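Here are the chains, one letter per residue:
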Amino acid sequence: MTTITRRGETVHINGDLPVIGSVAPDFKLTRKDLSDVSLADYAGMRKVLSIVPSLDTPTCAMSARQFNQRAAALENTVVLNISADLPFAMARFCEIEGIEAVEALSMMRDRRFATDYGILQVDGPMAGLTARAVLVLDTHDVVVYRDLVPEIRQEPDYDAALTALEAAG
């Protein structure tokens, strides 16, 4: 079983992130307007999946801000910020923070995303939420980069993710 840490304490994750070179699993997630989306809704685009436990934490909020600033202007690219937050809370966060270039998606209706992507925290104080991770998918939904952040309070490696995104064409 995969592990990360939270404040130095071991937390178990239900599986492993999809491997590089594999096609990412489809998903059903909910937008701020309560409509559902799947991976197919972003067909033909490069995708950054910024997966966070909750936007209502400092590190998750910083991650959303960073991707909003750094990846938003890239052509044929969508940045998806995925969390367990309710769509209403996500909408409020994005409005207050001026997050316009990152699409916030909720696992509100379907938690299979967390299990299918191998990032569900199964124990510890945040059990039931995702670990922090970044996946970069090419235009065919093939995983070209993956990063399971080892300490939940640590930010992801933005530079490595964006380098992989640019290399994905």
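Residues numbered from 1 in each chain as written. Predicted model: local features only at pLDDT ≥ 70, side-chain atom pairs only at ≥ 80, totals over all residues. Heavy atoms only, no water.

Draft legend 1. Local environment of the environment of Gly98. Mapped onto the fold, Gly98 is located in the loop between helix H2 (87-97) and strand S7 (102-106). Here the alpha-carbon distance between Gly98 and Ile13, two residues 85 residues apart in the chain, equals 32 Å. (Helix = DSSP H or I, 4+ residues; strand = E, 2+ residues; numbered from the N terminus.)

Draft legend 2. Structural detail: helix H4 (residues 158-167). Turning to H4, its buried residues are Tyr158, Ala161, Leu162, Ala164 and Leu165. Seen end-on, H4 carries its buried residues on one side only, within an arc spanning 160°. Exposed and facing more than 90 degrees away from the buried side of H4 are Thr163, Glu166 and Ala167. Those residues of H4 hidden inside the fold are in contact with strand S5 (46-51), helix H1 (58-70), strand S6 (77-83), strand S8 (133-137) and strand S9 (143-148). For H4, the side-chain oxygen to backbone nitrogen distance between the N-cap and Asp159 is 3.3 Å, and the N-cap itself is Asp157. Among the residues trailing H4, Gly169 stands out with phi positive, at a value near 80°. (Buried < 20%, exposed > 50% of the residue type's maximum accessible area, 1.4 Å probe, protein only. Arc of directions from axis to C-beta. Contact = heavy atoms within 4.5 Å. Polar contact = N/O pair within 3.5 Å; in protein donor to acceptor, adjacent residues only side chain to side chain.)

Draft legend 3. Region of interest: H1. Compared with an ideal rise of 1.5 Å per residue, which puts 13 residues at 18 Å, H1 spans 18 Å between its outermost C-alpha atoms and is within 8% of the ideal. Thr59, Cys60, Ala61, Ser63, Ala64, Gln66, Phe67 and Asn68 are the residues of H1 that are buried. Buried positions along H1 lie against S5, S6, H2, S7, S8 and H4. (Expected span 1.5 Å × (residues − 1).)

Draft legend 4. Focus on the UniProt feature "active site" (unreviewed entry) in the chain. When the UniProt feature table is mapped onto this chain numbering, "active site" (unreviewed entry) sits at Cys60. Tracing the sequence through the fold places Cys60 in helix H1. With sequence-adjacent residues up to four places away left out, Cys60 is seen in contact with Val52, Pro53, Ser54, Leu55 and Arg132. (UniProt positions renumbered as here; feature names shortened; annotations may be inferred.)

Draft legend 5. Geometry of the nonpolar core. Grouped together as the largest cluster of nonpolar side chains are 24 residues, with contacts concentrated most on Phe27, Ile82, Phe113 and Tyr117. Counting only elements with at least two residues in this core, the list comes to S5, S6, helix H3 (112-116) and S8. For Ile82, the residues in contact, after removing those within four places along its chain, are Leu29, Leu49, Ser50, Ile51, Val52, Leu105, Met107 and Phe113. Residues Ala71, Cys94, Ala104 and Leu162 belong to the second largest nonpolar core, which totals 23 residues. (Core = buried A, V, L, I, M, F, W, Y, C linked by side-chain atoms within 4.5 Å.)

Draft legend 6. Highlighting the pattern of salt bridges. The final tally for this structure, using the stated rule, is 7 salt bridges. Taking the shortest distance from any N to any O, the salt bridge between Asp159 and Arg70 comes out at 2.1 Å. With a gap of 89 residues between them, Asp159 in helix H4 and Arg70 in helix H1 connect regions that are remote in the sequence. Residue class for Asp159 comes out partly exposed when judged on its relative accessible area of 47%. For Arg70, a relative accessible area of 32% corresponds to the partly exposed category. One salt bridge in this structure joins Arg112 and Asp110, with 2.7 Å as the shortest N-O distance. A relative accessible area of 52% places Arg112 in the exposed class. Residue class for Asp110 comes out buried when judged on its relative accessible area of 11%. Through salt bridges with shared partners, a single network forms among Lys28, Asp36 and Arg109. (Salt bridge = Lys/Arg side-chain N within 4 Å of Asp/Glu carboxyl O.)

Draft legend 7. Seen up close, a nonpolar patch on the surface. Together, Leu34, Leu86 and Phe88 make up an exposed nonpolar region whose accessible area comes to about 280 Å². Residue placement: Leu86 occurs in the loop between S6 and H2. According to the relative accessible area criterion, Leu86 is partly exposed, its value standing at 46%. (Patch = residues over 30% accessible without salt bridge, like charges linked within 9 Å, V, L, I, M, F, W, Y side chains within 5 Å. Areas by Shrake-Rupley, 256 points an atom, 1.4 Å probe, with all protein chains shown as cover.)

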